[in-house]
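# Per-entry structural report
As a plain string of letters, each chain reads:
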Amino acid sequence: MPMGTKIQGAFRFLTPAKITPIVRVLARRDDGFHEVRLALVPVALHDSISWWPGGTGLELQVESREPLGLTEDNLVYRAALAYQSATGRPLRGRLHLTKRVPTGAGLGGGSANAAGTLAVLNRLDGAPLPEQRLWQLAQELGSDVPFFLQPRPQWAEGRGERLRPIAGFPTLPVLVIKPPFSIATAQAYREVRPRPDRLPGAPPYPALDTLAAVVAALVNDFEPALFPAHPALSPIKERLLAAGARGALLSGSGSAIFGLFADAPARDRAAAALAQAEPAWTVLPCDTLERHAYPLTALEATK
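Computed from a predicted structure; not experimentally measured.

### Brief notes about the overall build of the protein chain
When helices and strands are counted, the protein chain shows nine helices and twelve strands. Against the compact-globule benchmark of 19 Å for 303 residues, the protein chain has a radius of gyration of 19 Å, which places it among compact chains. Principal axes of the C-alpha set define a box for the protein chain whose edges measure 60 × 45 × 35 Å. By the burial criterion, 52% of the 303 residues in the protein chain qualify as buried.

Listed below in structure tokens is the structure:
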């Protein structure tokens with residue numbers, strides 16, 4: 001009979017969201033995915049995942065304002081099963097996911113849930129999986145999942161799995177707005193018009209070390225296709241700019257749009273005004289993160 005894991009006690013950890021100051025969609029690959037060039041930046045919008053030991057197997061409970069479908073499809077559950085299968089160590093306990101990052105928004109909440117689950121389980125279990133094997137499991141779960149194993153500002157290429165750090169990315173006040181609808185990633189890729197394999201201009205990786213540099217570089221290849229298909233998106237971008245954002249952009253494949261601000265007070269004034277004027281919007285002030293290491297909070301194992 002296989003031995004259980006070494007994971008002890010009850011704990012909670014947070015998983016961040018991300019924004020995408022640069023999204024370039026290139027030609028479709030032989031595996032059906034598109035080649036991409038992305039700038040991925042974690043932000044301080046978090047879901048919460050708790051672990052409660054006990055029982056005879058693995059369970060998942062989800063607390064969310066949005067419908068999330070079957071447990072078997074949830075990325076937390078799939079990541080825990082993938083970890084269990086890769087290690088041969090049964091997990092006996094209950095995972096509880098509290099969703100705060102909107103889904104279908106291009107913010108990577110589900111991918112972060114999966115990566116955080118993998119990273120935390122492996123760390124607490126004595127790291128039975130080497131870094132490369134953990135990365136392989138992450139890639140199998142989704143294109144954004146490898147980024148969230150060690151969230152920090154990074155360039156991503158390939159499907160999004162080839163990563164390198166972005167030097168000197170500044171800490172920036174951000175305002176994320178999600179309209180009252182989501183956009184499926186698969187549908188967005190069906191509508192986007194890919195660019196040529198090689199992008200013009202040099203250097204291939206622009207410096208992103210000041211607010212002005214980030215704003216000057218903002219580009220998302222999904223916008224030309226998705227803004228006409230979803231007329232509510234363009235007004236959000238315009239309202240963010242009118243409210244004082246130095247730049248604004250669709251995040252990933254949408255539907256969220258983020259604005260970058262010069263300082264937190266300007267961001268907070270815009271958040272208050274837009275939340276009052278547009279109650280159907282989800283208005284989320286946050287900041288970019290230099291990194292996120294999945295710190296743990298111990299819980300009393302009585303729940």
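From this point, things continue past the structure.
### Concerning the pattern of salt bridges
Across all of its chains, the model carries eleven salt bridges by this definition. Notably, a salt bridge pairs D125 with R89, separated by 3.1 Å at the nearest N-O pair. Residue D125 is found in the loop between α2 (109-124) and α3 (131-141), and its partner R89 is found in the loop between α1 (75-87) and β4 (93-98); the two are separated by 36 residues along the sequence. A residue is classified by how much of its surface remains accessible, and D125, at 0% relative accessible area, is buried. E157 serves as the salt-bridge partner of R162, at 3.9 Å between the closest nitrogen and oxygen. Take R162: its relative accessible area is 43%, and that puts it in the partly exposed class.

### Here we look at the sheet that holds strand β10 (residues 257-260)
The strand order across the open sheet formed by four strands is β9-β10-β7-β11, and the pairing between neighbours is antiparallel. Edge positions in the sheet fall to β9 (247-250) and β11 (282-287), since each has one partner strand and no second. When strand polarity is set aside, the average angle formed by the axes of neighbouring strands in this sheet is 20°. When strand β7 (residues 173-178) meets β11, the two strands line up antiparallel, connected through six bridges. Pairing of V174 across the sheet is with C286, part of β11.

### Some words on the layout of surface pockets
Considering only enclosed or pocket space, the largest pocket measures out at about 1,200 Å³ in volume. As for the largest pocket, its lining consists of 46 residues, and the residues nearest its centre are G108, S111, D144, T185 and S253. Broken down by secondary-structure element, the contributors of at least two residues to the lining of the largest pocket are β1 (10-28), β2 (34-53), α1, α2 and α5 (185-191). Its residues assigned to classes, the lining of the largest pocket comprises 19 nonpolar, 19 polar and eight charged. Counted as a void, the second largest pocket has a volume near 500 Å³. Around the second largest pocket sit 23 residues that line it, and E131, L134, P146, L149 and Q150 are the ones nearest its centre. Those elements that place two or more of their residues in the lining of the second largest pocket are α2, α3, α4 (145-149) and β6 (162-165). Per-element accounting of the lining of the second largest pocket gives the leading share, four residues, to α3. Along the lines of polarity and charge, the residues of the lining of the second largest pocket split into 13 nonpolar, five polar and five charged.

### Remarks on unusual backbone geometry
A cis amide bond links G254 with the next residue in sequence, S255, at an omega value of 15°. Take S255: it is sitting in the loop between β9 and β10. For A127, which is not a glycine, the phi torsion comes out positive at approximately 55°. Among the structural elements, A127 can be located in the loop between α2 and α3. Within the chain, Y294 stands out as a residue other than glycine whose phi angle is a positive 55°. On the secondary structure map, Y294 appears in the loop between β11 and β12 (296-299). The buried category is assigned to Y294, whose relative accessible area is 1%.

Here is what the cut-offs are and how they apply
- Residues numbered from 1 in each chain as written.
- Predicted model: local features only at pLDDT ≥ 70, side-chain atom pairs only at ≥ 80, totals over all residues.
- Heavy atoms only, no water.
- Helix = DSSP H or I, 4+ residues; strand = E, 2+ residues; numbered from the N terminus.
- Rg over C-alpha atoms; globule rule 2.2 N^0.38 Å.
- Buried < 20%, exposed > 50% of the residue type's maximum accessible area, 1.4 Å probe, protein only.
- Salt bridge = Lys/Arg side-chain N within 4 Å of Asp/Glu carboxyl O.
- Pairing = 2+ DSSP bridges.
- Axes fitted to C-alpha atoms, helices over the stretch in contact; angles between N-to-C directions.
- 1 Å grid on protein atoms, 1.4 Å probe; cavity = no way out; pocket = protein on both sides within 12 Å on 5 of 7 lines; lining within 4 Å.
- Points joined across faces, edges and corners; volume = space filled by probe spheres on them.
- Nonpolar A, V, L, I, M, F, W, Y, C, P; charged D, E, K, R; others polar.

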